[in-house]
Amino acid sequence: MAFIQFKNVHKQFDRKVIFEDLSFEIQTGERVLFQGPSGMGKTTLFQLILGFEKVDSGTILIDNQPLSPAIIKGLRQKIAYVPQIIDWGQGVVKETLEEFMSFQSNVRLTHWREKMPELLVYFDVESSLLDKKFPMLSGGERQRMAIILAILLDRNFFLLDEPTAALDSPMKQKVIHYFSERKDATLLVISHDNEWHRLPAIKLIPLAP
Amino acid sequence: MKTPDINTLGLLMMLLLLAVPLALDFWLKLKLAKDMIISVARMLVQLALMGIFLEYLIKWDAVWLNMLWFLVMVLAASHSAIKRNKLSFRKFWKPIFGAMVIAVTFAVLYFNSFIIHIDKLFSARYFVIISGMILGNSMKGIIIVLDKFYTNIIKEKQQYFYRLSLGASRFEALRPWIRQSIRASLQPIIATTATMGLVSIPGMMTGQMLGGSSPMLAIKYQMAIVIVIFVAMMVSVVLALFFSIRAVVSVNGAIRV
Ligand SMILES: Nc1ncnc2c1ncn2[C@@H]1O[C@H](COP(=O)(O)OP(=O)(O)OP(=O)(O)O)[C@@H](O)[C@H]1O
Ligand SMILES: [Mg+2]
């Protein structure tokens, strides 16, 4: 079944046209890699899907239904999103995680505390990092925490915007390996890293001028 | 004891006193003279008009007129709060006007009926004057809360979107900015409340004592007023923020200020 469909989507900011007539389709269970030069509108594409930006014309369908407030709400509870710019605010990492997990739509996640230690080890994050204030974290640490959070949300659809850009090569491999083992998941990845090509069955959607 | 009148000579002497700042301005080349004269002139005209209005309001003492005057003052305060923040009057006037009407009416009526126990709750001498005093402070609070809230959330849009993407409801996602902005708007009044009576004699007390009240009575009034002002300010800040969020933030979290 089609998870996401773009039909003749047009989007522009002021006079700069980002998408002129964009159409594509992603099936549930597929793994998709979006590639294209900087400034082509990859991040904007995710923002359109998540309802943070609006199309100027054309339609976006999620499970064959056009984006509406109710569909957007459902989608945000079903998708795990790792944004390109990761900002958790000013607070201590652990407390911020607690707060995210206390949102009404996440309270059903009762086992995240037990699952976390294993993920911290896998992604090579020292547990002392949880007691730091988020703004103190390095770029790579933020990226790994965002990936860990996305996994803890226990959702089957991932929207990853440059999830490995700030990581060293062995860590990139580990992230890609983790997602290649997630056979249950639908993956939408934006990345300049060619390592993602090695993910089995990945489908490329180029965004080119 | 009766308050001594200020006669024409007294008023002239009052204006003559301005020669001191003007001389200093000239001597130090501060170039403040124009601004100073304009603001003093505005003050004189505004207070004179207010004096005339209040004379009549108190003389006629008609409930409907007092209420109308009150609503006009709230509308003016809302306008001023919105313009200060360069927000859209069309979108923001209802939330802010509503918030101030509710908070200030509640505070004044509480003061009139439970603290000073007067029978005519809407009499000009108390309703109009006390609400005017409360209103100014509520307006200051609303200016700060709206400024902090809408400036910061737009600046920190990435963080806000991230929270929404985690499945947060509109109010869950907005929580950090709601907290920050309300705190910022109330901190000044909390700070001044703590030093009251240490460094200065508050304006209302001065007026009352010059008018012949005993210091103890003036102080009791002052205490009550400080508390009433604080309560009205907090309630109007919270209501104005929440009403404005309902008006400009869509259920999906899109902000259209
Ligand atoms: N809210 C906005 N207002 C105006 N212009 C915007 C806005 N968001 C994005 N743009 C512009 O749209 C274009 C596409 O931005 P986008 O972030 O989608 O690019 P990208 O493909 O993700 O780039 P990168 O690979 O560098 O992350 C850029 O030129 C950007 O300046
Ligand atoms: Mg991008």
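The text that follows walks through the structure, step by step, so that each part is easy to find. All of these numbers come straight from a predicted model, not from anything done at the bench.

1. Some remarks on the overall build of chain A
Scanning chain A from N- to C-terminus turns up six helices and nine strands. Computed over the C-alpha atoms, the radius of gyration of chain A is 17 Å, within 12% of the 17 Å expected from 2.2 N^0.38 for a compact globule of 209 residues. Counting only C-alpha atoms, chain A reaches 50 × 35 × 35 Å along its principal axes. Taken across its 209 residues, chain A has 54% of its residues classed as buried. Of all intrachain contacts in chain A linking residues separated by at least 6 positions in sequence, the fraction that spans at least 24 positions is 71%. Accessible area for chain A stands at about 9700 Å²; split by element, carbon and sulfur atoms hold 52% of it. Computed over 25 positive and 26 negative side-chain charges, the separation of the two mean positions in chain A equals 2 Å.

2. So, the nonpolar core
If you look at soluble globular proteins, the nonpolar side chains tend to sit buried side by side. With 135 residues, the main nonpolar core has Phe 6, Phe 34, Trp 88, Phe 123 and Met 145 of chain A as its most contacted residues. The dominant element in this core, judged by the number of residues it contributes, is helix H6 (residues 124-155) of chain B, at 14 residues. Beyond its immediate sequence surroundings of up to four residues, Phe 123 of chain A is in contact with Arg 144, Ile 147, Ile 148, Ile 151, Met 171, Val 175 and Tyr 178 of chain A.

3. Some remarks on the coordination of the magnesium ion (ligand 2)
Residues and elements named next belong to chain A. At the metal site, the magnesium ion (ligand 2) is ligated by Thr 43 (OG1) and Gln 84 (OE1), and these contacts range over 1.9 to 2.1 Å. On the criterion of sequence distance, the pair formed by Thr 43 in helix H1 (residues 42-49) and Gln 84 in the loop between strand S6 (79-82) and helix H3 (93-101) is long-range, its members being 41 residues apart. With a relative accessible area of 24%, Thr 43 lands in the partly exposed category. Among the residues examined, Gln 84 registers a relative accessible area of 42% and is labelled partly exposed.

Conventions we followed
- Residues numbered from 1 in each chain as written.
- Chains lettered and ligands numbered in written order.
- Predicted model: local features only at pLDDT ≥ 70, side-chain atom pairs only at ≥ 80, totals over all residues.
- Heavy atoms only, no water.
- Helix = DSSP H or I, 4+ residues; strand = E, 2+ residues; numbered from the N terminus.
- Rg over C-alpha atoms; globule rule 2.2 N^0.38 Å.
- Buried < 20%, exposed > 50% of the residue type's maximum accessible area, 1.4 Å probe, protein only.
- Contact = heavy atoms within 4.5 Å.
- Areas by Shrake-Rupley, 256 points an atom, 1.4 Å probe, with all protein chains shown as cover.
- Lys, Arg positive; Asp, Glu negative; His and termini not counted.
- Charge placed at Lys NZ, Arg CZ, Asp CG, Glu CD.
- Core = buried A, V, L, I, M, F, W, Y, C linked by side-chain atoms within 4.5 Å.
- Donors = N, O, S within 2.8 Å, 3.2 Å for Na, K, Ca; no water.

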